[in-house]
Amino acid sequence: MTDALAILAVAFYAVAMVYFLIRFFLKKEKTAHAAFLFLLLGLATHGLDLLVIGLRYRHFPATTLAEAFSLVSWVTVLFFTWIVRRDSMEAVAVILLPVAIISLLYHEFFGAKIPAPEPIIREEWVYIHIPLMILSVAALALTFVLAIIYIIQERQLKSKQPAFFYYRLPSLEVCEDLASKSLWAGFFLLTLGIITGMILSRSVHGVYFSWDYKEIWSVITWCLYAILIHGRLLAAWRGRRAAYFAIVGFVLMLFSFAGISLLSKGYHAF
Amino acid sequence: MAIKITGLSHKTAPVELRERLHIPEELYPEALKALQTKVPEGLIFSTCNRFEIMANDETTPESREQLIDFISDMRRISTREFEPFLYHHSDSDAVRHVFRVTSSLDSMVIGEPQILGQMKQFFALAQQHRSIGFILNSVMERAFMVAKKVRRETLIASNAVSISSVAVELATKIFGRLDGKTALIVGAGKMSVQSIKHLQSRGVKLVLVTNRTFQNAADLAASIKGRAVPFESMVDCLAEADIIISSTGSSNFIIRKDDVVRAMAIRKNKPIFLIDIAVPRDIDPQINQIDNTFLYDIDDLKNVSEANRKEREKEADRAEEIVAREAELFWNRLKTLDIAPTIREIQHRIDALRQSEIERTLKKIGPLTDEQRAALENLANSLTNKITQSSFAELRALANQPDSFEKIELIRKLFKL
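Note that the structure is predicted; figures quoted are calculated from it, not measured.

1. With respect to the overall build of chain B
Thought 1: A count of helices and strands for chain B gives 16 helices and ten strands.
Thought 2: The C-alpha atoms of chain B give a radius of gyration of 32 Å, which is well past the 22 Å a tight globule of 417 residues would have.
Thought 3: When the backbone C-alpha atoms are referred to their principal axes, chain B occupies close to 120 × 45 × 30 Å.
Thought 4: Sorting the 417 residues of chain B into buried and exposed places 51% on the buried side.
Thought 5: Contacts in chain B between residues at least 24 apart in sequence constitute 71% of all its contacts with a sequence separation of at least 6.
Thought 6: When the 59 positive and 58 negative side-chain charges of chain B are each reduced to one mean point, those points stand 4 Å apart.

2. A word on the packing of helix H3 (residues 65-83) of chain A against helix H5 (residues 126-159) of chain A
All names here are of chain A.
Thought 1: Packing of H3 against H5 brings their axes to within 8 Å, and their N-to-C directions diverge by 55 degrees. Classified by the angle their axes make, H3 and H5 are oblique. Classified by chirality, the crossing of H5 by H3 is right-handed. Within the contact between the two elements, H3 uses Ala 68, Leu 71, Val 72, Val 75, Thr 76, Phe 79 and Ile 83 and H5 uses Ile 134, Leu 135, Val 137, Ala 138, Ala 139, Ala 141 and Leu 142.
Thought 2: Here the residues of the contact of H3 with H5 are counted per class, giving 13 nonpolar, one polar and no charged.

3. Points about a negative patch on the surface
Thought 1: Together, Glu 65, Asp 69, Asp 73 and Glu 83 of chain B make up a region of like negative charge exposed at the surface.
Thought 2: The topology assignment puts Asp 69 of chain B in helix H3 (residues 63-75).

4. Examining the domain arrangement of chain B
Accessible area lost on assembly of the parts is the figure often given for the size of an interface.
Thought 1: The assigned domain composition of chain B is domain 1 (3-153), domain 2 (163-309) and domain 3 (333-414).
Thought 2: Centre-to-centre, using C-alpha coordinates, domain 1 of chain B lies 39 Å away from domain 3 of chain B.

5. Some words on helix H13 (residues 298-337) of chain B
All names here are of chain B.
Thought 1: Look at H13: 54 Å from first C-alpha to last across 40 residues, which is about the 58 Å you get at 1.5 Å a residue.
Thought 2: At Ala 316, H13 shows its maximal kink, close to 25 degrees.
Thought 3: Looking at where H13 begins, the residue whose side-chain oxygen comes 3.0 Å from the main-chain nitrogen of Asp 299 is Asp 297.

6. What to know about the pairing of strand E9 (residues 272-276) of chain B
Residue and element names in this part refer to chain B.
Thought 1: Most of E9 is tucked away, with five of its five residues classed as buried.
Thought 2: Here E9 shows two buried faces, one formed by Ile 272, Leu 274 and Asp 276 and the other by Phe 273 and Ile 275.
Thought 3: Where strand E8 (residues 243-246) and E9 come together, four bridges link them in parallel fashion. Counted as the bridge partner of Ile 243 is Phe 273 from E9.
Thought 4: Assessed by its sense of winding, the connection that carries the chain from E8 through helix H12 (residues 257-266) to E9 is right-handed.
Thought 5: The pairing of E9 with strand E10 (residues 293-297) spans five bridges and is classified as parallel. Note on E10: the bridge partner recorded for Leu 274 is Leu 295.

7. Details of the pattern of salt bridges
Thought 1: Applying the stated rule across the entire model yields 25 salt bridges over all chains.
Thought 2: Linking Arg 23 of chain A and Glu 90 of chain A is a salt bridge whose minimum nitrogen-to-oxygen distance equals 3.3 Å. Here Glu 90 of chain A lies in helix H4 (residues 90-110) and Arg 23 of chain A lies in helix H1 (residues 2-26), a separation of 67 residues in the sequence. For the pair Arg 23 of chain A and Glu 90 of chain A, one class covers both residues: buried.
Thought 3: Among the ionic contacts, a cluster of salt bridges with common partners joins Lys 11, Arg 50, Glu 52, Arg 100, Asp 106 and Glu 320 of chain B.

8. Details of the sheet that holds strand E5 (residues 182-186) of chain B
Residue and element names in this part refer to chain B.
Thought 1: Strand order in this open sheet of six strands is E7-E6-E5-E8-E9-E10, and the pairing throughout is parallel. This sheet does not close on itself; its edge strands, each paired only once, are strand E7 (227-230) and E10. Strand-to-strand twist across the sheet, computed as the mean angle between neighbouring axes with direction ignored, equals 20 degrees.
Thought 2: Relative to E8, E5 is paired through four bridges, and the arrangement is parallel. Across the sheet, the residue bridging to Ile 185 is Ile 245, located in E8.
Thought 3: Against the sheet, helix H8 (residues 163-175) contacts E8, E9 and E10, and its axis sits at roughly 165 degrees relative to E9.

Here is what the cut-offs are and how they apply
- Residues numbered from 1 in each chain as written.
- Chains lettered and ligands numbered in written order.
- Predicted model: local features only at pLDDT ≥ 70, side-chain atom pairs only at ≥ 80, totals over all residues.
- Heavy atoms only, no water.
- Helix = DSSP H or I, 4+ residues; strand = E, 2+ residues; numbered from the N terminus.
- Rg over C-alpha atoms; globule rule 2.2 N^0.38 Å.
- Buried < 20%, exposed > 50% of the residue type's maximum accessible area, 1.4 Å probe, protein only.
- Contact = heavy atoms within 4.5 Å.
- Lys, Arg positive; Asp, Glu negative; His and termini not counted.
- Charge placed at Lys NZ, Arg CZ, Asp CG, Glu CD.
- Axes fitted to C-alpha atoms, helices over the stretch in contact; angles between N-to-C directions.
- Parallel < 35°, antiparallel > 145°, perpendicular 65-115°, else oblique.
- Left-handed = near helix turned anticlockwise from the far one by under 90°.
- Nonpolar A, V, L, I, M, F, W, Y, C, P; charged D, E, K, R; others polar.
- Patch = residues over 30% accessible without salt bridge, like charges linked within 9 Å, V, L, I, M, F, W, Y side chains within 5 Å.
- Areas by Shrake-Rupley, 256 points an atom, 1.4 Å probe, with all protein chains shown as cover.
- Salt bridge = Lys/Arg side-chain N within 4 Å of Asp/Glu carboxyl O.
- Domains from an automatic or database assignment.
- Expected span 1.5 Å × (residues − 1).
- Bend = angle between axes of the 7 residues up to and from the residue.
- Polar contact = N/O pair within 3.5 Å; in protein donor to acceptor, adjacent residues only side chain to side chain.
- Pairing = 2+ DSSP bridges.
- Right-handed = clockwise from strand over helix to strand, strands pointing away.

Below is the structure:
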């Protein structure tokens, strides 16, 4: 069942991807509706796939790294459907959809199908902590993608030699606006996620902070984003500088989200 | 049906000649009337870049000469002077030519939007003066459809090429929408006025104008509904303005890096777009190094324009394919619309049928007297004539109706033509 759904979702995303690519390269407006339709179909089947996984194993579908990866990419694509109608957003799709496809395939081929039940996973707070973290990673992933696009477009404009990307990427203001909104949302969710994590830690281990590598890295990531948010608020950081910060922040985020569990074994299963 | 185009354009003729042939607006109806006396259906395109006559005329095979004489008479110019510059297209070639012109593929700047509007105007005038009939009507309507298709499916019209529209295009790449933005004009060059009008049409809300001579600034401000500010306080306006266009005759920089650094601090790093169209330059080029500021001088704008032109030309190849395909399709349909050959073919078919039936009957009933034979032939003749006469009249009427393509195709099928 989930195999079929995952394959279907991959197929839908792939078709949507083709339409977005046509739009990106040839700027054909006609493909907009088809692209959107297949994006929604992909999103629906992908969501259903996650739901079925959750029901089958009776756990939140973020219990293994592969599941969490799939869930994050699903939420990111979900966020993306909100903004897809804005100008020249196919550039974002061209980056996001392959990631979503890879996440589905990764889960399909390498995902541990039956994870060992972790005692901590039964605690109620975990059902708030994990979704918050997932949402925050997804929002910050969007910031990351928009920051990359911003940097490319800014270089095009500064160089005064318009080329391929100048014609195909959204305007700086659109990137800036969406990136800062998703940054605020992501930072807010991350803060809540870390707080609920601490409460969870308290109820399971008796301490708020147990110096798990993942916790340490999460706090470092949070500090970096906090600097960025403050820079934006107090020193009017915008544009290139803010974009570079968002990129570094997300790399750290990815490391604490996935990298740590590949290097060490803590009670954070991934 | 015989569609012909005779004309010249910026590609074949010098501007002096085009100027002489150009028909002023007030003389246009007269010209159409004169054309009507020469050909059953005719249309004149007369812009500063092109002078063409399109006609549908199957009665006179020498209509090319006829059209040349017509031009010579109407514009009072000897044939010798313009004939070498003319090109001639006929039938499917003529259809393709009109499609290319309307789609702006034959324009001096490929993809420029004016030509479509101009063609629509000539079409409307021709309709108004009834100088065109069903065939040219269909050709023109199809040409407009093809032009729209080309515009929709290719990028030939999407990138700006004039300097002022390049400036606007860059501004939208920086700011997204221009609604509510503020612009500052320093000095009052013709190009800056053009750009500002362009920007205003895209939603720029406030235009500040400054000039060393305050009165000049006030005059310009009044004409574009802007606000004049004294030249001394120009630097203070930098913080307020999102788009700055400078074109003074000053010999040294009037906007310096420090000014912009200070302005950026006040405006909290909101992006600023500076356009320097003065030669020598008004704005320190180092300003481009400041984050969130984008400075383009006149050469930069020309570079962008050139890059855009190249993008358009790449797209033009795709557009040519679309036009060629559409022209062929349309010409094939148009041919079926031409009812005369269809009627001829039906007549042949019925004649052959009648003849073979008479022969068959004669074989069956044996030899007849001449009188009897004539009576038999009369019977057959009047029978077929009665059928064809009324239906041919109907057919001729049908050819001029809007959905005649399908109907004529059906009839051809019925008779297995």
